[in-house]
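Structure assessment
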Amino acid sequence: MKRILSAVAAAALLFWAASAAAVQEAKIIKSHQDFGDYRVFYSVFNSEFIKPEIARNYQLIRGKDRAFVNVSVVKKDGSKGLPAEMSGTATNLMQQSRPLKFQEVRDGDAIYYLAPLRFDDEETLTFDVNVTLPDGRTENITFRRRLERD
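This write-up is about the structure you can find in this document. (Residues numbered from 1 in each chain as written. Predicted model: local features only at pLDDT ≥ 70, side-chain atom pairs only at ≥ 80, totals over all residues. Heavy atoms only, no water.)

Regarding the nonpolar core
Counted only if it meets this: Within this scheme, the nonpolar core is defined by two criteria: the residues are buried Ala, Val, Leu, Ile, Met, Phe, Trp, Tyr or Cys, and they are joined through side-chain atoms within 4.5 Å. Type-normalised accessible area, obtained with a 1.4 Å probe on protein chains alone, sets the label of each residue: buried when under 20%, exposed when over 50%, and partly exposed for intermediate values. Secondary structure elements are defined from DSSP: runs of H or I of at least 4 residues count as helices, runs of E of at least 2 residues count as strands, and each element is numbered from the N terminus. Contacts are assigned to residue pairs that have any heavy atoms within 4.5 Å of one another.
Within the largest apolar cluster, 28 residues are counted, with the highest numbers of intra-cluster contacts made by V69, V71, L100, F102, F127 and V131. Of all the secondary-structure elements, those providing two or more residues to this core are β2 (38–46), β3 (66–75), β4 (85–92), β7 (110–118), β8 (123–132) and β9 (138–147). Those residues within four positions of V71 in sequence are excluded, and the remaining contacts are V40, F41, Y42, M86, F102, Y112, Y113, V129 and V131. Counting seven residues, the second largest nonpolar core, distinct from the first, contains I50, L60, V105 and L114.

Put into structure tokens, the structure is as follows:
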């Protein structure tokens, strides 16, 4: 009987450890991908994080139901942002797709690309972005984010 209880306890402990590791793994949110000598950074953020004066300067629309997909390309050796071309889509869980129209933003040495996006509260979107790197290669990045109104 003791052996059975020990085996059950060991199995329960193993299951708990595996569950804890899976939860820890799920918390890691990838924000870049490497392609040869280039690193492509990507993120999605609520438009209200942008200060009103900056939004005016770049003609960006802010709102609780608006976000921006942000993509930038750098050399892995640490250089500043590089010019690239971007296109893509955002698709919800019902497979409704919206095009992403990226706008280049140059701020000093930094170059990044913003695509405005309207979203529903607690909406999960899959982003599929095609990036044409400075060397002419086109690479694809796919990532998923859940967006919430602040």
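Back to the text.
Focus on the side chain of R66
Selection criterion: In this tally, Asp and Glu contribute negative charge and Lys and Arg positive charge; neither His nor the terminal groups of the chain are included. Here, a salt bridge means any Lys or Arg side-chain nitrogen found within 4 Å of an Asp or Glu carboxyl oxygen.
Within the fold, R66 resides in strand β3. Although buried, R66 forms no salt bridge, and the nearest oppositely charged side chain, D65, lies 4.1 Å from it. Beyond its immediate chain neighbours, meaning those up to four positions away, R66 contacts N46, S47, I61, L117, R118 and F119.

Digging into the sheet that holds β3
The strands that make up a sheet are held in pairs by hydrogen bonds between backbone atoms, and each pair lies either parallel or antiparallel. Heads up, the condition is: Strands were regarded as paired on the criterion that DSSP finds at least two bridges between them. To get an axis, a line is fitted to the C-alpha atoms, and for a helix only the part in contact is used. The angle between two axes follows their N-to-C directions and goes from 0 to 180 degrees.
Spatially, the five strands line up as an open sheet ordered β1-β2-β3-β7-β6, and their pairing is antiparallel. At either end of the open sheet lies a strand with only one pairing partner, and these are β1 (32–35) and β6 (103–107). With direction set aside, neighbouring strand axes in the sheet form an average angle of 25°.

Notes on the sheet that holds strand β5 (residues 97–100)
Strands sit in the order β5-β4-β8-β9 across an open sheet of four strands; the sheet is antiparallel. Both outer strands of the open sheet, β5 and β9, are each paired with one neighbouring strand and no more. Pairwise comparison of adjacent strand axes, ignoring direction, gives a mean angle of 20° for this sheet. Of the strand pairs in this sheet, β4 and β8 are connected by eight bridges, and their pairing is antiparallel.

Brief notes about the pattern of salt bridges
Counted according to the given criterion, the structure contains nine salt bridges. The residue R146 makes a salt bridge to E122 at a minimum N-O spacing of 3.0 Å. Remark: E122 occurs in the loop between β7 and β8 and R146 occurs in strand β9; sequence separation between them is 24 residues. We classify R146 as partly exposed; its relative accessible area is 48%. The closest approach of N and O atoms between R137 and D135, which form a salt bridge, is 3.0 Å. For D135, a relative accessible area of 42% gives the class partly exposed. A network of salt bridges, in which partner residues are shared, links E122, R146 and E148.

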